[in-house]
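Overview (structure and organization)
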Amino acid sequence: MSKKNKSISKFLSYVLRHHPGKLGITLDENGWTSVAVLLEKINVEPYSLSMQELEDVVAMNNKKRFAFNENKTMIRANQGHSVDIDLALQPKEPPRYLYHGTVEKFINSIQEKGLIKGTRQHVHLSVDKETAVNVGSRRGKPIILTVRSGEMHAQNHALYQSENGVWLIEAVPKEFIEF
Ligand code: HQG
């Protein structure tokens, strides 16, 4: 991702996941917002963002953070929201194990309470350890937890996979976590 695309991606994450009101846009119940209105609100001097640039950011984003609807009139973030929207994902059978990257200072609390979603709408899990290492590294020396997701599924916990491959779940009780 180019430097400009990265900063656009950060800004879009901010408004489409957390603070749409700061840009004066609204999200519908599934997190979608109008592309035309988004561009109109962003394009206030000295800022500029063309439809082509927006399309490039959506297509080339390193974590596929955003999606258009079919005719590209609406856009949303694929995951990571703190605002209360329903991604309308269907529960899906996960692989036997999924991974979560965190840091040492949270371990005691996770051992006590399991993984909780905090300000976001879901706990985020990844298919591979490498992604979990990257996620944990945002906060310091990463510690990777293994979640027995197959067992969770068998015990009727709903797991969802967002369009960008991230697995989402309401919470992970401690008994399904290998420390
Ligand atoms: C921790 C980024 C104490 C949890 C990343 C994490 C990811 C607990 C933090 C995505 C806890 C929450 C999500 C408990 C969980 N006690 N701490 N019981 N349970 N935690 O940012 O998973 O670039 O909300 O371990 O790459 O770090 O934004 O979640 O450290 O995919 O697209 O509480 O955000 O993606 O932090 O990251 P977050 P996360 P983007």
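Note that the structure is predicted; figures quoted are calculated from it, not measured.

Moving on, we come to the site of the ligand. In the vicinity of the ligand, 17 residues are found, and the nearest of them are R17, K63, H100, T102 and S109. In this structure, an oxygen atom belonging to the ligand sits 2.7 Å away from a side-chain N or O atom of R17. With respect to the ligand, the side chain of R139 contributes an N or O atom lying 2.9 Å from an oxygen atom. Contact with the protein chains hides 85% of the accessible area of the ligand, taken as 780 Å² for the molecule alone. Of all the secondary-structure elements, those providing two or more residues to the shell around the ligand are β4 (98–103) and α5 (104–113). At four residues, α5 tops the list of elements feeding residues into the shell around the ligand. Considered class by class, the residues forming the shell around the ligand number five nonpolar, five polar and seven charged. Mapped onto the domain boundaries, the shell around the ligand takes at least three residues apiece from domain 1 (3–77) and domain 2 (98–178).

This part takes up the domain arrangement of the protein chain. When the domains of the protein chain are assigned, the result is domain 1 (3–77) and domain 2 (98–178). In this structure, domain 1 and domain 2 have C-alpha centres spaced 27 Å apart.

Using the criterion set out here, one finds six salt bridges in the structure. Here E163 and K64 are joined by a salt bridge, their closest N and O atoms 3.9 Å apart. Of this pair, E163 sits in the loop between β7 (159–161) and β8 (167–169) while K64 is found in the loop between α4 (51–60) and β2 (66–68), placing the two residues 99 residues apart along the sequence. In this structure E163 comes out as partly exposed when scored by relative accessible area, which is 48%. In this structure, the salt-bridge partner of E178 is R148, at a minimum N-O distance of 3.2 Å. Of this pair, E178 sits in strand β9 (residues 177–178) while R148 sits in the loop between β6 (142–147) and α7 (149–154), placing them 30 residues apart in sequence. The partly exposed category is assigned to E178, whose relative accessible area is 33%. Here the residues in one salt-bridge network are R148, E151 and E178, joined through shared partners.

Conventions and cut-offs
- Residues numbered from 1 in each chain as written.
- Predicted model: local features only at pLDDT ≥ 70, side-chain atom pairs only at ≥ 80, totals over all residues.
- Heavy atoms only, no water.
- Near = heavy atom within 4 Å.
- Polar contact = N/O pair within 3.5 Å; in protein donor to acceptor, adjacent residues only side chain to side chain.
- Areas by Shrake-Rupley, 256 points an atom, 1.4 Å probe, with all protein chains shown as cover.
- Helix = DSSP H or I, 4+ residues; strand = E, 2+ residues; numbered from the N terminus.
- Nonpolar A, V, L, I, M, F, W, Y, C, P; charged D, E, K, R; others polar.
- Domains from an automatic or database assignment.
- Salt bridge = Lys/Arg side-chain N within 4 Å of Asp/Glu carboxyl O.
- Buried < 20%, exposed > 50% of the residue type's maximum accessible area, 1.4 Å probe, protein only.

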